[in-house]
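# Close look at the chain arrangement
Listed below are the residues making up each chain.
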Amino acid sequence: AQSVTQLGSHVSVSEGALVLLRCNYSSSVPPYLFWYVQYPNQGLQLLLKYTSAATLVKGINGFEAEFKKSETSFHLTKPSAHMSDAAEYFCAVRPQGGSEKLVFGKGTKLTVNP
Amino acid sequence: KAGVTQTPRYLIKTRGQQVTLSCSPISGHRSVSWYQQTPGQGLQFLFEYFSETQRNKGNFPGRFSGRQFSNSRSEMNVSTLELGDSALYLCASSKGTGNSGNTIYFGEGSWLTVV
């Protein structure tokens, strides 16, 4: 079964610092990979997705992620953190073909300090 | 273009009661999935419906059920509510073709509190 591991349930950065949120997946074949963000008391908003078109994926709000098959990773980065980036971030995997079921990681709560 | 709409947004129920949650997907989307989010278990897949048929089901007891109508709108029902059913229930919609990286859009969720 496919799974996702997010390293670090809490990450704290200073405003203007690099944001790095880690995600490793387990899959026998390259899956589709997603990063979602959840602001307090809201649903999930898609940041970006990997669908095998390009290994470096650019998303909204200045975020990007790089798919590394050799490391089975899909880490999320942003060069300079803003206060508005404070939220919980979820990495998810979806197998190719079949249903639209997503398997989520446990999430990483990002705190941005002034 | 309207997003995924879930109703009600907030509700409080008593143990033993049942609850029905509703989801209207984005126009043109045929797949609707439901997820339960709790602090302890995170985001867990409940089930997915495509063209009125359940296509996939998560590991939840039979008290959790759902259905999809011909207009793609979906409902989920939880019977004999337990305190542990308190959660945010999220609905997601997509085109549902399943053979490409379809974007999956989420609603704002329905907050269920069981007392």
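Here, the structure is the one placed above.
Here is a short report on the structure shown in this document. As the structure is a prediction and not an experimental result, all values here were calculated from the model. (Residues numbered from 1 in each chain as written. Chains lettered and ligands numbered in written order. Predicted model: local features only at pLDDT ≥ 70, side-chain atom pairs only at ≥ 80, totals over all residues. Heavy atoms only, no water.)

## Some remarks on the overall build of chain B
- Helices and strands together make up the secondary structure of chain B, namely 0 helices and 11 strands.
- Order of helices (α) and strands (β) in chain B, N terminus to C terminus: β-β-β-β-β-β-β-β-β-β-β.
- Rg of the C-alpha trace for chain B: 13 Å, near the compact-globule value of 13 Å for 115 residues, within the 12% margin.
- Along the first, second and third principal axes, the C-alpha atoms of chain B reach 40 × 25 × 25 Å.
- The long-range fraction of contacts in chain B, counting pairs at least 24 apart against all pairs at least 6 apart in sequence, stands at 54%.
- Entry remark: accessible area of chain B is about 5300 Å², with carbon and sulfur atoms responsible for 48%. (Helix = DSSP H or I, 4+ residues; strand = E, 2+ residues; numbered from the N terminus. Rg over C-alpha atoms; globule rule 2.2 N^0.38 Å. Contact = heavy atoms within 4.5 Å. Areas by Shrake-Rupley, 256 points an atom, 1.4 Å probe, with all protein chains shown as cover.)

## Let's talk about the environment of A:Ala87
All names here are of chain A.
- Along the chain, Ala-87 turns up in strand S9 (residues 87-94).
- Placed 16 residues apart in sequence, Ala-87 and Glu-71 show a C-alpha to C-alpha distance of 26 Å.
- The residues touching Ala-87, leaving out its near neighbours within four places in the chain, are Val-37, Gln-38, Tyr-39, Thr-108, Lys-109 and Leu-110.

## Points about the side chain of B:Ser74
Residues and elements named next belong to chain B.
- Take Ser-74: it is sitting in strand S8 (residues 74-78).
- Within the structure, the side chain of Ser-74 is placed 2.9 Å from the side chain of Trp-34, a separation counted as a polar contact.
- Those residues within four positions of Ser-74 in sequence are excluded, and the remaining contacts are Leu-21, Ser-22, Cys-23, Val-32, Trp-34, Tyr-49, Arg-67, Gln-68 and Phe-69. (Polar contact = N/O pair within 3.5 Å; in protein donor to acceptor, adjacent residues only side chain to side chain.)

## Digging into the pairing of strand S9 (residues 87-94) of chain B
Residue and element names in this part refer to chain B.
- Most of S9 sits out of view: 8 of its 8 residues are buried.
- Alternating positions in S9 separate into two faces, Ala-87, Tyr-89, Cys-91 and Ser-93 on one and Leu-88, Leu-90, Ala-92 and Ser-94 on the other, with burial throughout.
- In this sheet, S9 lies alongside strand S4 (residues 31-38) in antiparallel orientation, the contact comprising 7 bridges. In the sheet register, Gln-37 faces S9, and the bridge partner there is Leu-88.
- Inspection of the sheet shows S9 paired to strand S11 (residues 110-114) by 3 bridges, in the antiparallel sense. Each residue of the ladder has a partner; that of Leu-88, found in S11, is Trp-111.
- Relative to strand S10 (residues 105-106), S9 is paired through 2 bridges, and the arrangement is antiparallel. If you follow Ala-92 over to S10, its bridge partner there is Phe-106. (Buried < 20%, exposed > 50% of the residue type's maximum accessible area, 1.4 Å probe, protein only. Pairing = 2+ DSSP bridges.)

## Some thoughts on the nonpolar core
- Residues A:Trp35, A:Leu47, A:Leu48, A:Phe74, A:Leu76 and A:Tyr89 are the most contacted members of the largest nonpolar core, which totals 27 residues.
- Taken together, the elements giving at least two residues each to this core come down to strand S2 (10-14), strand S3 (19-26), strand S4 (32-38), strand S5 (44-50), strand S7 (64-68), strand S8 (73-78), S9 and strand S11 (108-113) of chain A.
- If near-sequence neighbours (up to four positions away) are discounted, A:Leu48 is found in contact with A:Leu33, A:Phe34, A:Trp35, A:Val57, A:Lys58, A:Gly59, A:Phe63, A:Glu64, A:Ala65, A:Phe74 and A:Leu76.
- With 21 residues, the next largest nonpolar core counts B:Cys23, B:Ile26, B:Ala87 and B:Val114 among its residues. (Core = buried A, V, L, I, M, F, W, Y, C linked by side-chain atoms within 4.5 Å.)

## Examining the interface of chain A and chain B
- Contacts between chain A and chain B engage 22 residues on the former and 27 residues on the latter.
- Together chain A and chain B conceal approximately 1900 Å² of surface at their shared face, both sides included; 51% is due to carbon and sulfur atoms.
- The largest per-residue losses of area from chain A upon contact with chain B belong to A:Leu44, A:Glu100 and A:Lys101, which jointly make up 29% of the total buried on that side.
- Taken together, the elements giving at least two residues each to the side of chain A that touches chain B come down to S4, S5 and S9 of chain A.
- If one sorts the elements of the side of chain A that touches chain B by residue count, S4(A) sits on top with 4 residues.
- Considering only residue class, the side of chain A that touches chain B consists of 8 nonpolar, 9 polar and 5 charged. (Buried area = accessible area lost by both parts, 1.4 Å probe. Nonpolar A, V, L, I, M, F, W, Y, C, P; charged D, E, K, R; others polar.)

## Comments concerning the side chain of B:Thr38
- Its place among the elements puts B:Thr38 in strand S4.
- Owing to a relative accessible area of 13%, B:Thr38 belongs among the buried residues under this scheme.

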